[in-house]
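The lines below spell out each chain.
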Amino acid sequence: MYALLAIVICTAGGIIFCLLKSTLVKSFVMFVASLIATVIAFGFYEIPANMMTGYGYGGAWVFGGLFFVLFVLSFAILREIGTRLIYEGVDIGDLPDKIGRAVFGAAAGFVIAGVVLTAVAMLPLPRVWPYGRFDSPKMSSEQADAPASPIAIERPKKPLPFSPDGMIAGFFKQISQGAFHGSKSFAVIWPNFIDQAFLNRHKIHSGVSNICGKNAITVEKAWQSKENLVPIGGPASQKTAGEPVIVRIGFSPATVGDGGIADAEGNISFTPAQIRLLCKNKSAAGDLKGSAIAVYPAGFIKSGNQVQLKELSEQINIDRAQMSEGQTQIDFVFYVPRNDVPVLVGFKNNCFVKVRLAGEDEIPATISYIQASKCTNRLAEINPISSAILYGTKLAAGPYFLGEIGFEPTNLQQFQDTQKIFTGDMGLEISGSGDKIACAQVRLLFEQGQLQDSRTPGDYGDSSPLGALMSAPAELNLISLKCNNPPVGSPIIAAQYPVLIDITGNKYKPIGVAAQAVVDNKPVVQIEFCSLKAEEFQGGLQFDNNGSPVEAFPAVFNLPQEASEIKHLYFIYAIKPGIKSAITRIGAGGTQETAALKDYEGFTGGSL
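None of these values were measured; they are calculated from a predicted model.

Caption draft 1: View of the nonpolar core. Within the largest apolar cluster, 53 residues are counted, with the highest numbers of intra-cluster contacts made by Phe42, Phe67, Met122, Phe193 and Leu344. Secondary structure elements with two or more residues in this core: helix H1 (2-21), helix H2 (24-44), helix H4 (62-85), helix H5 (94-121), helix H7 (164-176), helix H8 (186-189), helix H9 (193-200) and strand S11 (340-347). Sorting elements by how many residues they give to this core places H5 first, with eight residues. Setting aside residues no more than four positions away along its own chain, Phe42 makes contact with Phe67, Thr118, Ile168, Ala169, Phe172, Phe186 and Phe193.

Structure follows, in structure tokens:
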């Protein structure tokens, strides 16, 4: 509606002005001046805009504002010069003169309307201004801030079938690859200028800026993938047709004023719609002249050959904790038409980096990446593996660790005073670092009514009652995996234990198991756990570099063989805290099947 109103006002204003205040020749001059001023605005607005943002002035308002100001100044000067130089002694009759003035006035007004719409599209306003190019025309500003539906790049909406903003951008695009082309064609840098202006501010009111510094990104590598990439966890709307090209993009932690992309707190946010791989035909890829097409990322490499699909409108956040050695690198996956090759990566409104495809002997291993905002460090449900006898249902840490077991010891003495029998050779050991259980193979015995059937996990501070008593291996955190209750009557052997798989593909075996069951009609809690290394304790475990025991502990869990009912079954694991070792999948013991987390992409078991 706003766009249509602007078009009507500008066009009607041009007609009225030319009929009342102009002559036929002056009207023609005004139209020509508007076209030339448009060329000047498109051709030169980025130079002063980049200079101003580089010095920290104007922010996201600079690009649209300078575009409009440059047009207005050029238009006013050119029109004034033209009207003073052109001979006006032309008489073609009163009616043709009026028609001519109206036509040239409407044309000039239409061009001015296109400039206004284009300038507004570059401003940090809600994406429904001046019209919802990739939204419903009836969408309010509040609705524009809500999660967006998939963006249909090939079906942009327009205020009119012949929208003036698209027409003036197309006009300059044709000029830039014609007689007035330079070493860098506008049609290569901005194949779909209006689309990209709208996409760059699609999440503007979610804190995603449409501008960045000139050194915001680097392209470390780009290569055609020879692996069979596996799309996962993404929208069905994403297209994966074409040749897969992986581009490793590094994001600078510097602020926009210092040439980077980070906000004042050092965090980075963007959407896939703000990244475009600009591709030319293979036969013309030697320079930046001519024209190009924009290819948007389907997603990024999550781990190995897995492509985490992303909607173009989905916000991606990188917080300071994820940044290492000055920048964060992500391997984005683009599906490029077979006869095209990439020449540039465009990012937001004002950052472009050249791309060269690596040779086969230069192709690196992929980098794993997961968003901290898509992870949890407390509780995560897991998709069941119904074909497995034993599979995980929940990952937990902190107050949810071993969450539903009914035993709630308040201190180690209460644990020691509980009646128990020893189930293995290890017995009960207390680590020298404090009142913590480092190794135990015990069955705790209770009378009827002494042990609640199930506890509702709650906020107990940093850990659950049992978790507070258990000692983790050095530099590792304990997490628990709740499992389905397996059939009773036979023991569970190590080969049947579930394994955790992190983002890099490392597998973690359990260092313990805890269960609540009924044996001889009495409630019991059995804990078999060891966090001591072999060099610290005879019978301790051998750990690999990732914190996983070389052999799972215990080798056999006999409780299910003796129990008449299993109420809760947990396996205990030790993992490195942090996003770089986030657990992304859980493997069912005795099978090759794995399951993902239901509502998250990863589980860190520590700080995010």
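There is more to say, and it comes next.
Caption draft 2: Representation of the environment of Asn484 within the structure. If you trace the backbone, Asn484 turns up in the loop between strand S19 (477-483) and strand S20 (492-493). When the C-alpha atoms of Asn484 and Tyr570 are compared, they prove to be 9.0 Å apart, with 86 residues separating the residues in sequence. Excluding residues that lie within four positions of it along the chain, Asn484 makes contacts with Ile389, Leu390, Tyr391, Thr393 and Leu569. Polar contacts involving the side chain of Asn484 include one to the main-chain carbonyl oxygen of Ile389, which spans 2.9 Å.

Caption draft 3: Molecular detail of the sheet that holds strand S10 (residues 328-336). Here we have six strands laid out as an open sheet, ordered S1-S3-S10-S7-S8-S2, and mixed in their pairing. Both edges of this open sheet fall to strand S1 (217-224) and strand S2 (230-232), since each of them pairs with a single strand only. The average angle at which neighbouring strand axes cross in this sheet is 35°, direction not considered.

Caption draft 4: Structural view of the sheet that holds strand S5 (residues 275-281). Pairing within the open sheet is antiparallel, and its four strands lie in the order S6-S5-S11-S12. Edge positions in the open sheet fall to strand S6 (293-295) and strand S12 (351-354), since each of these has one partner strand only. Sheet twist, expressed as the average angle between the axes of neighbouring strands with direction ignored, equals 35°. Here three bridges tie S5 to S6, and the two strands are oriented antiparallel to one another. In the sheet register, Leu278 faces S6, and the bridge partner there is Ala294.

Caption draft 5: Broad picture of the pattern of salt bridges. Tallied over the entire structure, the rule returns 17 salt bridges. The partner of Arg338 in a salt bridge is Glu243, and the shortest N-O contact between them spans 2.5 Å. Here the residue Arg338 occupies a position in the loop between S10 and S11, and Glu243 occupies one in strand S3 (residues 243-251), the gap between them amounting to 95 residues. Arg338 gets classed as exposed once you look at its relative accessible area, which sits at 59%.

Caption draft 6: Up close: unusual backbone geometry. With an omega of -5°, the peptide bond running from Trp129 to Pro130 counts as cis. Tracing the backbone shows Pro130 in the loop between H5 and helix H6 (141-144). With omega at -5°, the peptide bond leading from Phe553 into Pro554 counts as cis. Residue placement: Pro554 occurs in the loop between strand S24 (522-530) and strand S25 (556-557). Residue Lys348 is not a glycine yet carries a positive backbone phi of 55°. Mapped onto the elements, Lys348 comes out in the loop between S11 and S12. Residue classification places Lys348 among the buried residues on the basis of a relative accessible area of 1%. Even without a glycine there, the phi angle at Glu475 is positive, about 65°.

Caption draft 7: Spatial organisation of a nonpolar patch on the surface. Together, Phe44, Ile47, Met51, Met52, Tyr55 and Tyr57 line one region of the surface with nonpolar side chains, adding up to about 720 Å² of accessible area. When residues of the nonpolar patch are assigned to their parent elements, the largest contribution, three residues, is made by helix H3 (residues 46-54). Topologically, Met51 is positioned in helix H3.

Caption draft 8: Quick peek at the pairing of S12. The alternating pattern of S12 places Cys351 and Val353 on a buried face, while none of Phe352 and Lys354, on the opposite face, is buried. Pairing geometry for S11 and S12, over four bridges, is antiparallel. Looking at S12, one finds that Val345 is bridged to Val353. Taken together, S11 and the strand that follows it, S12, pair antiparallel across an intervening segment of three residues, in which Lys348 is found at a positive phi of about 55°.

Caption draft 9: Looking closely at the side chain of Arg101. As for its position among the elements, Arg101 is in helix H5. Here Ser22 takes part through its backbone oxygen, which lies 3.1 Å from a polar atom of the side chain of Arg101. Beyond its immediate sequence surroundings of up to four residues, Arg101 is in contact with Cys18, Leu19, Ser22, Thr23, Leu24 and Ser27.

Caption draft 10: Up close: H1. The terminal C-alpha atoms of H1 lie 27 Å apart, and with 20 residues this matches the ideal 28 Å at 1.5 Å per residue to within 8%. The secondary structure elements touched by the buried residues of H1 are H2, H5 and H7.

Caption draft 11: Molecular detail of the pairing of strand S26 (residues 565-575). Across the eleven residues that make up S26, a large majority, nine, are buried. The sheet contact formed by S19 and S26 spans seven bridges and is antiparallel. Counted as the bridge partner of Ser480 is Ile572 from S26. As paired elements, strand S23 (residues 512-519) and S26 share seven bridges and run antiparallel to each other.

Caption draft 12: Spatial organisation of H9. Within H9, eight of the eight residues are buried, leaving the element largely enclosed by the surrounding structure. Residues of H9 that are buried: Phe193, Ile194, Asp195, Gln196, Ala197, Phe198, Leu199 and Asn200. Elements in contact with the buried residues of H9: H2, H5, H7, H8, S5 and S6.

Cut-offs used in this document
- Residues numbered from 1 in each chain as written.
- Predicted model: local features only at pLDDT ≥ 70, side-chain atom pairs only at ≥ 80, totals over all residues.
- Heavy atoms only, no water.
- Core = buried A, V, L, I, M, F, W, Y, C linked by side-chain atoms within 4.5 Å.
- Buried < 20%, exposed > 50% of the residue type's maximum accessible area, 1.4 Å probe, protein only.
- Helix = DSSP H or I, 4+ residues; strand = E, 2+ residues; numbered from the N terminus.
- Contact = heavy atoms within 4.5 Å.
- Polar contact = N/O pair within 3.5 Å; in protein donor to acceptor, adjacent residues only side chain to side chain.
- Pairing = 2+ DSSP bridges.
- Axes fitted to C-alpha atoms, helices over the stretch in contact; angles between N-to-C directions.
- Salt bridge = Lys/Arg side-chain N within 4 Å of Asp/Glu carboxyl O.
- Patch = residues over 30% accessible without salt bridge, like charges linked within 9 Å, V, L, I, M, F, W, Y side chains within 5 Å.
- Areas by Shrake-Rupley, 256 points an atom, 1.4 Å probe, with all protein chains shown as cover.
- Expected span 1.5 Å × (residues − 1).

All we've got here are geometric facts, nothing functional implied.
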